[in-house]
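Residue-level listing of the chains:
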Amino acid sequence: MATLRPRGVNHLAIPVGNMKEHLEFWCDVLGMPLKALFWMHAADGVYHAFVEMSPNSYISLVEDPRNGEKEHLDADAAGGPLREVVGSALHHIAMDVETEEDVLAMRDRIRSKGIQVLGPIDHGWWKSIYFAGPDNCTLEITAGGGVQPEDWVDPEVAELCGISPEELKKLENPEPFEATGTPVPQPDEAPSAPRMFALSKEFDLDKIMLVSDQEILDTYSETRSPMALKNDK
């Protein structure tokens, strides 16, 4: 009997404040083609997009006009598939299984452990079940993929996001990038570019970004396993 378990991540759902800005990042910067952009099902006024890592693995972007408006402790965790949440927080994790039968089998496995499961729900190109994990994180298990933009990109939503037809074509077909073997120099910090958080209070991010790649590699690398480090003490 084959082991029943998720085989990978189908999609990570991320709340966003500006859909166009995020699509330009994921598609243009990272080279992931836009596969879907539409009104989110059962959620008024919410845009939903999918950019593809592989035919069964996506980043899901959710722009809700309520995102980030509430200043309370619950705002950084969705607590449900249709709840508002602050930008950059993780909305939910969807794990991938091979078939719809596996989705139903996983539903029964989870329920047999005393955990309630919602679904399955048919979303068109995949079927999903929903449940909660520790700390009440929202989880999904789904089967399906291979979404095609001609069926799932809504021109009305693209226009409302400020995306022109020409820009939409570029998002669906990101320009290829060919590495030359020569490192690209670190660019100057641009006010409009995303910025990392400092790794700790001791790190001065502005100074660290000026350090050479080789010095970063030499200074911060640790190739020994945790047990090897423990045995060295």
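See the structure printed just above.
First, a word on what this report is: a plain description of the structure on this page. (Residues numbered from 1 in each chain as written. Predicted model: local features only at pLDDT ≥ 70, side-chain atom pairs only at ≥ 80, totals over all residues. Heavy atoms only, no water.)

1. Some remarks on the pairing of strand β3 (residues 47–54)
Reasoning step 1: Most of β3 sits out of view: six of its eight residues are buried.
Reasoning step 2: Bridge analysis of β3 against strand β4 (residues 57–63) gives seven bridges, and the strand direction is antiparallel. Across the sheet, residue V51 finds its bridge partner in β4, namely I59. (Buried < 20%, exposed > 50% of the residue type's maximum accessible area, 1.4 Å probe, protein only. Helix = DSSP H or I, 4+ residues; strand = E, 2+ residues; numbered from the N terminus. Pairing = 2+ DSSP bridges.)

2. Considerations on the nonpolar core
Reasoning step 1: Grouped together as the largest cluster of nonpolar side chains are 21 residues, with contacts concentrated most on M19, L23, L34, L37, V51, L61 and I163.
Reasoning step 2: Of all the secondary structure elements, the ones that give two or more residues to this core are α1 (19–29), β2 (34–39), β3, β4, α4 (155–160) and α5 (165–172).
Reasoning step 3: Ranked by the residues each element gives to this core, the list is headed by α1, at four residues.
Reasoning step 4: In contact with L37, not counting residues within four places along its chain, are M19, L23, H48, A49, W152, V153, D154, V157, A158 and I163. (Core = buried A, V, L, I, M, F, W, Y, C linked by side-chain atoms within 4.5 Å. Contact = heavy atoms within 4.5 Å.)

3. Focus on the packing of aromatic side chains
Reasoning step 1: Going through the model one piece at a time under the given rule, you end up with six aromatic pairs.
Reasoning step 2: Between F38 and W152, the ring centres sit 5.2 Å apart and the planes meet at 65 degrees, which makes this aromatic pair edge-to-face. One end of the pair, F38, is in strand β2; the other, W152, is in helix α3 (residues 149–152), with 114 residues separating them in the sequence. For the pair F38 and W152, one class covers both residues: buried. (Phe/Tyr/Trp six-rings, centres within 6.5 Å; stacked < 30°, edge-to-face > 60°.)

4. Brief notes about the side chain of E52
Reasoning step 1: Position of E52 among the secondary structure elements: in strand β3.
Reasoning step 2: Excluding residues that lie within four positions of it along the chain, E52 makes contacts with M32, P33, K35, S57 and Y58.

5. Considering the environment of P165
Reasoning step 1: Relative to the helices and strands, P165 is located in helix α5.
Reasoning step 2: Separated by ten residues in sequence, P165 and P155 have C-alpha atoms that sit 8.0 Å apart.

6. Looking at the sheet that holds strand β7 (residues 126–132)
Reasoning step 1: Pairing is mixed in the open sheet, where eight strands are placed in the order β2-β3-β4-β1-β5-β8-β7-β6. Each edge of the open sheet is held by one strand with a lone partner, namely β2 and β6 (118–122). For this sheet the average axis-to-axis angle between neighbouring strands, irrespective of direction, equals 20 degrees. (Axes fitted to C-alpha atoms, helices over the stretch in contact; angles between N-to-C directions.)

7. Digging into a negative patch on the surface
Reasoning step 1: Judged by side-chain charge, E21, E24, D28 and E175 come together as a negatively charged surface patch.
Reasoning step 2: Its location among the elements puts D28 in helix α1. (Patch = residues over 30% accessible without salt bridge, like charges linked within 9 Å, V, L, I, M, F, W, Y side chains within 5 Å. Areas by Shrake-Rupley, 256 points an atom, 1.4 Å probe, with all protein chains shown as cover. Salt bridge = Lys/Arg side-chain N within 4 Å of Asp/Glu carboxyl O. Lys, Arg positive; Asp, Glu negative; His and termini not counted. Charge placed at Lys NZ, Arg CZ, Asp CG, Glu CD.)

8. Structural notes on helix α2 (residues 100–112)
Reasoning step 1: With 13 residues, α2 extends 19 Å between its outermost C-alpha atoms, agreeing within 8% with the 18 Å of an ideal straight helix rising 1.5 Å per residue.
Reasoning step 2: Among the residues making up α2, those that are buried are V103, M106, R107 and I110. Along α2, the residues classed as buried sweep out an arc of 105 degrees about the axis, all on the same side. Exposed positions of α2 whose direction lies more than 90 degrees from the buried face are E101 and S112.
Reasoning step 3: Phi turns positive one or two residues past the end of α2, at G114, with a value near 85 degrees. (Expected span 1.5 Å × (residues − 1). Arc of directions from axis to C-beta.)

9. Remarks on a nonpolar patch on the surface
Reasoning step 1: Side chains of F25, V29 and L30 sit close together on the surface and give an oily, nonpolar patch of about 260 Å² of accessible area.
Reasoning step 2: In this fold, F25 is placed in helix α1.

10. Points about the environment of P185
Reasoning step 1: Along the chain, the position of P185 falls in the loop between α5 and α6 (205–208).
Reasoning step 2: A sequence separation of 27 residues divides P185 from S212, and the C-alpha atoms of the two residues are 9.3 Å apart.

11. Digging into unusual backbone geometry
Reasoning step 1: A cis geometry characterises the amide bond from G119 onward to P120, with omega recorded as 20 degrees.
Reasoning step 2: Tracing the backbone shows P120 in strand β6.

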